Amino acid sequence: AQRVTQPEKLLSVFKGAPVELKCNYSYSGSPELFWYVQYSRQRLQLLLRHISRESIKGFTADLNKGETSFHLKKPFAQEEDSAMYYCAPLLCHSGTYKYIFGTGTRLKVLA
Amino acid sequence: EPEVTQTPSHQVTQMGQEVILRCVPISNHLYFYWYRQILGQKVEFLVSFYNNEISEKSEIFDDQFSVERPDGSNFTLKIRSTKLEDSAMYFCASMILNEQFFGPGTRLTVL
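Draft legend 1. Structural context of the overall build of chain A. Per the secondary structure count, chain A includes 0 helices and 11 strands. When the elements of chain A are put in sequence order from the N terminus, they spell out β-β-β-β-β-β-β-β-β-β-β. For chain A, whose C-alpha radius of gyration is 14 Å, the value lies close to the compact-globule estimate of 13 Å for 111 residues. Each of the three principal axes of chain A carries a C-alpha extent, and together these read 45 × 30 × 25 Å. In chain A, which comprises 111 residues, the share counted as buried stands at 48%. Counting only contacts in chain A whose residues sit at least 6 apart along the sequence, the fraction spanning at least 24 positions is 57%. Per element, the accessible surface of chain A, about 5800 Å² overall, is 50% carbon and sulfur.

Next comes the structure, spelled out in structure tokens:
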């Protein structure tokens with residue numbers, strides 16, 4: 001079955017501490033993987049996608065095909081990183097595309 | 001920068017009533033989506049729309065739901081006879097180059 005697992009519903013870290021938000025996926029094929037973020041009272045927005053290999057706001061994510069994981073990391077968390085984070089593989093089937101969202105992890109960065 | 005817009009931001013309706021949620025996708029995008037998020041739960045795919053027809057729909061998207069693109073700009077989600085369990089945030093998105101851009105959402109409350 002196609003599934004995305006974000007095991008932590010809530011992750012609290014202190015400012016300046018490293019943070020890792022876990023994401024494991026299971027489905028066939030080679031997914032394109034994304035992280036979306038939703039700041040308080042704002043819309044869902046793209047944080048990063050694995051094919052671009054960019055670092056956005058200090059976040060990186062490495063696709064590990066062996067472990068089928070796409071964990072999001074940042075070496076030094078900032079208070080403004082507090083938000084909901086969603087891991088989202090993009091599925092392509094018969095030419096149509098859709099995201100399968102994980103359950104999300106709420107990151108709280110404490111002062 | 002162009003954004004996806006949605007109206008209304010909040011809709012309250014009585015059970016059994018019809019509602020229409022409206023979205024204006026970004027103008028040069030070709031793929032359109034509706035997702036919903038029940039309070040405290042994950043974002044769920046409802047339907048994708050391309051080339052003036054539904055390309056995929058989820059199990060949630062039953063006969064009570066329909067989508068239309070009545071003109072070149074609007075993309076609507078209609079729920080024919082609302083149920084209490086339809087209460088949720090409904091997000092519209094449009095896609096280009098495999099990146100989806102989300103609207104701010106419409107909060108639907110069914111009483």
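Continuing now.
Draft legend 2. View of the pattern of salt bridges. Here the structure, examined in full by the defined rule, presents 7 salt bridges over all chains. A salt bridge links Asp81(A) to Lys74(A); its shortest N-O distance comes to 2.8 Å. As far as burial versus exposure is concerned, Asp81(A) and Lys74(A) are alike and both buried. With a shortest N-O distance of 3.2 Å, Arg36(B) and Glu44(B) are connected by a salt bridge. Using a relative accessible area of 10% as the deciding quantity, one classes Arg36(B) as buried. Connected through shared salt-bridge partners, Glu20(A), Lys22(A) and Lys73(A) make up one network.

Draft legend 3. Representation of the state of the cysteines. Residue and element names in this part refer to chain A. Tallied over the full model, the rule gives 2 disulfides over all chains. There is a disulfide in this structure between Cys23 and Cys87, and the S-S distance comes to 2.0 Å. Given an S-S torsion of about -60°, the disulfide between Cys23 and Cys87 has left-handed geometry. Placement of the pair is Cys23 in the loop between β3 (19–21) and β4 (24–26) and Cys87 in strand β9 (residues 83–93), with a sequence separation of 64 residues. With relative accessibility at 0%, the residue Cys87 sits in the buried group. Between Cys92, a cysteine without a disulfide, and Cys87, which holds the nearest cysteine sulfur, the sulfur-to-sulfur distance is 18 Å.

Draft legend 4. Examining the interface of chain B and chain A more closely. Between chain B and chain A, the contact holds 21 residues from the first and 18 residues from the second. Approximately 1800 Å² of surface area, both sides summed, lies buried where chain B meets chain A, with 52% of it carried by carbon and sulfur atoms. Across the contact surface, chain B and chain A share 2 salt bridges. Put simply, Arg43(A) and Glu3(B) hold a salt bridge, and the shortest N to O gap is 3.5 Å. Where chain B touches chain A, the interface holds 11 residue pairs in polar contact (both at pLDDT 80 or more). Every element with two or more residues in the side of chain B that touches chain A is listed here: β4 (31–37), β5 (43–50), β6 (53–57), β9 (88–96) and β10 (99–102) of chain B.

Draft legend 5. Local environment of the nonpolar core. One finds Trp35(A), Leu72(A) and Tyr85(A) to be the most contacted residues of the largest nonpolar core, which totals 26 residues. Counting only elements with at least two residues in this core, the list comes to β2 (10–14), β3, β5 (32–38), β6 (45–49), β8 (69–74), β9 and β11 (105–110) of chain A. When residues of this core are assigned to their parent elements, the largest contribution, 4 residues, is made by β9(A). Setting aside its immediate chain neighbours within four residues, Tyr85(A) contacts Gln6(A), Leu21(A), Trp35(A), Tyr36(A), Val37(A), Leu47(A), Phe59(A), Leu72(A), Gly104(A), Thr105(A) and Leu107(A). Core analysis: the next-biggest nonpolar cluster, separate from the first, contains 22 residues, Phe32(B), Phe49(B), Phe65(B) and Val67(B) among them.

Parameters at a glance
Residues numbered from 1 in each chain as written. Chains lettered and ligands numbered in written order. Predicted model: local features only at pLDDT ≥ 70, side-chain atom pairs only at ≥ 80, totals over all residues. Heavy atoms only, no water. Helix = DSSP H or I, 4+ residues; strand = E, 2+ residues; numbered from the N terminus. Rg over C-alpha atoms; globule rule 2.2 N^0.38 Å. Buried < 20%, exposed > 50% of the residue type's maximum accessible area, 1.4 Å probe, protein only. Contact = heavy atoms within 4.5 Å. Areas by Shrake-Rupley, 256 points an atom, 1.4 Å probe, with all protein chains shown as cover. Salt bridge = Lys/Arg side-chain N within 4 Å of Asp/Glu carboxyl O. Disulfide = S-S within 2.5 Å. Buried area = accessible area lost by both parts, 1.4 Å probe. Polar contact = N/O pair within 3.5 Å; in protein donor to acceptor, adjacent residues only side chain to side chain. Core = buried A, V, L, I, M, F, W, Y, C linked by side-chain atoms within 4.5 Å.

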